[in-house]
Amino acid sequence: MDRNWINHKGISDRRKPDYIKGVNEFLDFSFIKIGRCGKIRCPCNICMNGKFQTRESAFNHLIVYGILTDYRKWSFHGEESDEELEDDEDDLEVDETIKLVHDVTNVRVSDFTFRESEMCCENIENDVPEKFSRLMNDADKELFPGCKNFSKLEFILHLLHIKCINSWSDKSFTMLLTLLKKVFLHDETFPHNSYEAKKYMRDLGLNYNKIHACKNDCILYRKNYANAESCHVCGCSRWKSNEDKTDIEKSKAVKGKKIPNKVLRHFPLIPRLQRLYMSSKLACHMRWHKEKRCDDGILRHPADSKAWKTVDQTYPNFSSDPRNIRLGLSTDGFNPFGNLSTSYSIWPVIVVPYNLPPWMSMKSDFLMLSLLIPGDKAPGNNIDIYLEPLIEELEELWEVGVETYDAFSSTTFSLHAVLLWTISDFPAYANLSGWSTKGKLACPSCNINTCSLQLKHGHKYCYMGHRRFIEANHKWRFDKKSFDGNVETRAAPKQLSGDDILRQWHGCENIVFGKLNKKIKRKRKNQSYEHELKYNWKKKSIFFRLPYWSKLLIRHNLDVMHIEKNICDSILGTLMGIVGKSKDTVNSRIDIEKLGIRKDLHLVPKVGGKYEMPAAAYTLTLQEKRAVCEFLSNVKVPDGYSSNVGRWVNVGEGKKFGMKSHDCHVFMEDLIGPTFHGILSKEVYEPLVEMGMFFKQLCSKSLKMEVLEKLEYNIARTLCKLEQIFLPSFFDIMPHLPVHLAAEAKLAGPIQYRWMFPFER
């Protein structure tokens, strides 16, 4: 194919017939090769093969923006390189799932050859499992005579994919299959309904286990309780009563099917980790952290972190084989119905392997759903009950290992895995760790040395005392007037190890899980109340069942995404005076009067029993609010950088609204400085810009240890400056947590591998 049209020089060349003809020929080629789902990677100078576009959009992009001039070998669009043509002359042109079937079957054949090399090759095919042999035949079989675009297996996969993407019901999908079978397909083995199509796909090994659970989250009906009809803790029946059933469930009950109250979906982790080594290319990437990583002291990947290296040093037998896997675990609740008026919370538990290189490890392809915890309420501390199947797999992966075939080296090895840490928002942090993130000891890093103060009129705790984190002879430590009215002599709290936490838990480990009745709750409270007063533990986390858990440097991560969003909301809510979001309220003014601090901000009594709130240094007038909104409404950012900034604000009313997590991320790191420049006084403006720069440097793709030490040094001073400006009510737990983020980054490496953005998406 002629490719001279690629060498265009400008928009005038892109309007010529030769260029337009070349674009159409390229699109024809691409959509024949890989565009069966209606989209291809767009090779224009804006998308740069990073975004998928329809044919019409790709055509417009290539005309308006032009194609990448150095994109001569169309590897992203189905063109094979010379090496691939030499090595894989007989490979079928199939999508990734079809390739997976080939890889699985080839692994089974190769594994058999490795074990039984003395047997002749002609007997190997007979030992390939029947289900994989059938899938291979269907992958090679034409959908109907003369069909070159789809095999039978590929067509069924595409149908199921469309069903999932568009949320088709099983009934509508069955009707489609029936119609296709009658009109076009006369294959008796083709699925008749939705159930048969799903059953057909189970042979790929992508199935899951259903585990019944107690309605009150007390137990899982497995092992000793597999045949139990009711929960031995709360006495609740395993099955739904007629009153609790929907109309569909009642129709099933008529057929003699019992409906369980709750069902946990468990997607086995071990087969999916083994599957990573079934592809020779992917198996090679799984060694990247050991064989190709540049170890120059810069933190670019979790493998560069102290936490990773400590595991290697503590357990040399584990680290001796680079194929052993390091994992992260994340969980959070969401509403699957997308309806805010419906209260429902389902909790996926996702596991991510960190062995892969940076450009692969956090991609959605490698985020493995391990558990799907049912709703309709959040499991809370009872999440340990649902984590049991996953923890048992992790124990097996650590202590025993599983025999795995490595397609890259054509050998088998014993695969082991270690869970490095968990990733969650702050409320879920409490559920996973067992440390309550509410009350006077809410900070898990400060532990029992958390500095807190309960505001009597605000009815909340505030967390100040950041002068503890600066040097002992700093003048701010002795400044009573500008802070909370006290001299600060305490040292910064030390980070506790896993063994320290176990010592805190000694003598109080028997916690009964479940939404228990009042009598059992009262008994449990009497047993642990004194312990909870002294510490703040609600339970001993199930993760301590892992033999290595107490030896890890960091077990649970503070989520930078949610911390950044909450701080952004507090700052904007207070500066813009947003009702319900502002931390500067009448009650907060009364609280500082009771504390005897910040006398210039005390309420001023007026005639008739009314009060006036004196303007603070951060108070904006209506004209200033409009100026802020007008500036934001005119901000233009690159395509894909953030949402439309102009939609965040209402210029006429001087209000902001609707900022999502990523919007807050962009605002804090790039827009907070120019937005308030010339509007806020220097004493207010500087610490806010410093906070934004702190997050920007912390979220860099690569980190240096000296930079992190400087960030840790500066953030304490920034928070002290904010204490001198804002009221105590501003300092809920979120503005306090940044003081620990740089220290965590020193232990665990870049933030991008330890925050909720990829999992939330």
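Honestly, the overall build of the chain in this entry has me stumped. Any pointers?
When helices and strands are tallied, the chain shows 29 helices and 17 strands. A total of 761 residues make up the chain; the buried ones form 49% of that total. By sequence separation, contacts in the chain at least 24 residues apart represent 65% of the contacts at least 6 residues apart. A total of about 38,700 Å² of accessible surface is found on the chain, and carbon and sulfur atoms cover 52% of it.

Hey, could you run me through the packing of aromatic side chains in this one?
Any two aromatic rings considered together are summarised by their centre-to-centre distance and by the angle between their planes. A full pass over the atoms with the stated rule returns 22 aromatic pairs. For the ring pair F29 and W74, a centre distance of 5.8 Å and an interplane angle of 55 degrees mean the geometry is tilted. Remark: W74 occurs in the loop between α2 (55–64) and α3 (82–87) and F29 occurs in helix α1 (residues 17–33); sequence separation between them is 45 residues. Among the aromatic residues, those joined into a ring-pair cluster are Y315, F318, W398 and Y548.

Got a minute to help me understand the side chain of S345 in this structure?
Looking at where S345 falls in the secondary structure, it is placed in the loop between β5 (325–331) and β6 (347–353). At 2.8 Å, the side chain of S345 forms a polar contact with the side chain of W347. Residues contacting S345, with those up to four places away along its chain left out, are G333, F334, P374, G375, D376, K377 and A378.

How should the nonpolar core be read in this particular structure?
Inside soluble globular proteins, nonpolar side chains tend to come together where they are buried. L273, F543, F667 and F676 are the most contacted members of the largest nonpolar core, which totals 145 residues. When residues no more than four places from it in sequence are discounted, the contact partners of F543 are L329, L387, I391, L419, T422, L432, W549 and H556. Of all hydrophobic cores here, the second largest spans 18 residues; its members include W5, L27, L68 and W74.

Help me understand unusual backbone geometry, please; the structure alone is not making it clear to me.
Residues other than glycine predominantly adopt negative phi, and peptide bonds predominantly adopt the trans conformation. Here the bond from G375 into D376 is cis, since omega is 15 degrees, no more than 30 degrees from zero. With respect to the secondary-structure elements, D376 resides in the loop between β7 (368–373) and α17 (383–399). Despite not being glycine, D217 has its phi angle at roughly 65 degrees, a positive value. Positionally, D217 belongs in the loop between β3 (209–213) and α10 (247–254). At N447, a position not held by glycine, the phi torsion is positive, near 60 degrees. Here N447 shows up in the loop between α18 (426–433) and β11 (453–455). On the accessibility criterion, N447 (4% relative accessible area) is buried.

Just checking my understanding: could you explain the environment of K594 for this structure?
Looking at the element boundaries, K594 is found in helix α22 (residues 586–595). We classify K594 as exposed; its relative accessible area is 64%. Sequence separation of K594 and H457 is 137 residues, and the distance between their C-alpha atoms is 9.5 Å.

Just to check I follow, could you spell out the pairing of strand β9 (residues 411–415) for this structure?
Two faces make up the sheet, and in a regular strand the side chains alternate between them. Examined bridge by bridge, strand β8 (residues 402–406) and β9 share five bridges and lie antiparallel to one another. The residue of β9 that forms the bridge with V402 is L415. Taking the residues that link successive antiparallel strands as the turn, the β8-β9 hairpin has four residues, and the phi of S410 there is positive, at about 55 degrees.

Mind showing me how you'd approach the sheet that holds strand β10 (residues 417–423) here?
Backbone hydrogen bonds hold the strands of a sheet together, and the pairing may be parallel or antiparallel. With mixed pairing, the seven strands of this open sheet are ordered in space as β3-β4-β7-β6-β5-β10-β13. Each end of this open sheet is capped by a strand with a single partner; those strands are β3 and β13 (556–557). As defined by bridge partners, β5 adjoins β10 across six bridges and the pair is classed as parallel. Looking at the pairing, L329 lines up with T422 of β10. Relative to the sheet, α17 contacts β3, β4 (262–266), β5, β6, β7 and β10, its axis offset from that of β7 by approximately 150 degrees.

For this particular structure, what's the right way to read a nonpolar patch on the surface?
There is a patch of nonpolar side chains on the surface, built from I46, V64 and Y65 and spanning about 270 Å² of accessible area. If you trace the backbone, V64 turns up in helix α2.

How should the packing of helix α26 (residues 705–725) against helix α28 (residues 738–748) be read in this particular structure?
Following both chains from N to C, one finds α26 and α28 inclined at 170 degrees, their axes separated by 8 Å at the closest point. When the interaxial angle is binned, α26 and α28 end up roughly antiparallel. Contact with α26, carried on its side by M705, L708, E709, L711, E712, I715 and L719, involves P738, V739, A742, A743, A745 and K746 of α28 and no other residues of that element. Split into classes, the residues belonging to the contact of α26 with α28 amount to 10 nonpolar, no polar and three charged.

Just checking my understanding: could you explain the side chain of R477 for this structure?
You can see R477 is positioned in the loop between β12 (460–462) and α19 (498–505). There is no salt bridge for the buried R477, and the closest opposite charge comes from E488, which lies 4.8 Å off by N-O distance. At 3.0 Å, the side chain of R477 and the backbone oxygen of I470 are in polar contact. Of the polar contacts made by the side chain of R477, one reaches the backbone oxygen of R490; its length is 3.0 Å.

Help me understand the pattern of salt bridges, please; the structure alone is not making it clear to me.
For the coordinates displayed, the defined rule picks out 36 salt bridges. It is possible to trace a salt-bridge network through shared partners that takes in R287, E291, D321, R323 and D406.

Honestly, α28 in this entry has me stumped. Any pointers?
Note: α-helices contain 3.6 residues per turn, so residues at a spacing of three or four share the same orientation. Counting buried residues in α28 gives eight out of 11 residues, a clear majority hidden from the surface. Those residues of α28 that are buried are in contact with β10, β13, α21 (560–575), α25 (682–698), α26 and α27 (733–736). Remark: G749 follows α28 within two positions and exhibits a positive phi of approximately 95 degrees.

How should I be thinking about α17 in this particular structure?
The terminal C-alpha atoms of α17 lie 24 Å apart, and with 17 residues this matches the ideal 24 Å at 1.5 Å per residue to within 8%. Taken as a whole, α17 carries its principal kink of about 45 degrees at P389. Burial analysis of α17 places 13 of its 17 residues in the buried class, which makes it a mostly covered element. Note on α17: the residue one or two positions beyond its end, G401, has a positive phi of about 85 degrees.

Please clarify how the environment of L698 should be interpreted in this entry.
Looking at where L698 falls in the secondary structure, it is placed in helix α25. Sequence-wise, L698 and Q752 are 54 residues apart; in three dimensions their C-alpha atoms are separated by 9.8 Å. Residues in contact with L698, not counting those within four places in the same chain, are V560, L703, L708, L711, L741, A742, A745 and I751.

Scoring rules and cut-offs
- Throughout, residues of each chain are indexed from 1 in the direction in which the sequence is written.
- Residues qualify for local features only when their pLDDT is at least 70, as the model is predicted, and side-chain atom pairs are given and counted only at 80 or more; totals for whole chains, interfaces and linings, by contrast, use all residues.
- With hydrogens and water stripped out, all remaining heavy atoms of the structure feed into the side-chain values.
- Strands are runs of DSSP state E lasting at least two residues, helices are runs of H or I lasting at least four, and both sets are numbered from the N terminus onward.
- Only protein chains enter the calculation, and the probe is 1.4 Å; a residue is then buried if its accessible area is under 20% of its type maximum, exposed if over 50%, and partly exposed in between.
- Any pair of residues with heavy atoms lying within 4.5 Å of one another is described as a contacting pair.
- All accessibility values rest on the Shrake-Rupley procedure with a 1.4 Å probe; residue burial counts only the protein chains present in the view.
- Paired rings are identified among Phe, Tyr and Trp, the last through its six-membered ring, by centres lying within 6.5 Å, and are further divided according to the angle between planes into stacked (under 30 degrees), edge-to-face (over 60) and tilted (the rest).
- Polar contact criterion, stated in full: a pair of N or O atoms within 3.5 Å, where within protein one must be able to donate a hydrogen and the other to accept it, and residues adjacent in sequence count only if both atoms are side-chain atoms.
- By nonpolar core is meant a set of buried Ala, Val, Leu, Ile, Met, Phe, Trp, Tyr and Cys residues that side-chain atoms within 4.5 Å join together.
- Strands are treated as partners if at least two bridges between them are detected by DSSP.
- A fitted line through C-alpha atoms serves as each axis, taken over the contacting stretch for helices, and the angle formed by two N-to-C directions is quoted from 0 to 180°.
- Think of a patch as exposed residues, more than 30% relative accessible area, with no salt bridge, where like charges cluster within 9 Å and nonpolar side chains (Val, Leu, Ile, Met, Phe, Trp, Tyr) cluster within 5 Å.
- Within this document, salt bridges are pairs made up of a side-chain nitrogen of Lys or Arg and a carboxyl oxygen of Asp or Glu, the two lying within 4 Å of each other.
- Just so you know how the angles are binned, under 35 degrees is roughly parallel, over 145 roughly antiparallel, 65 to 115 roughly perpendicular, and the rest oblique.
- Gly is placed with the polar residues, together with every amino acid not listed as nonpolar (Ala, Val, Leu, Ile, Met, Phe, Trp, Tyr, Cys and Pro) or charged (Asp, Glu, Lys and Arg).
- Only four residue types enter the charge count, namely Lys and Arg as positive and Asp and Glu as negative; His and the chain termini do not.
- Expected span of a helix: the number of residues minus one, times 1.5 Å.
- Given a residue, its bend is the angle between the two axes fitted to the seven residues that end at it and to the seven that start from it.

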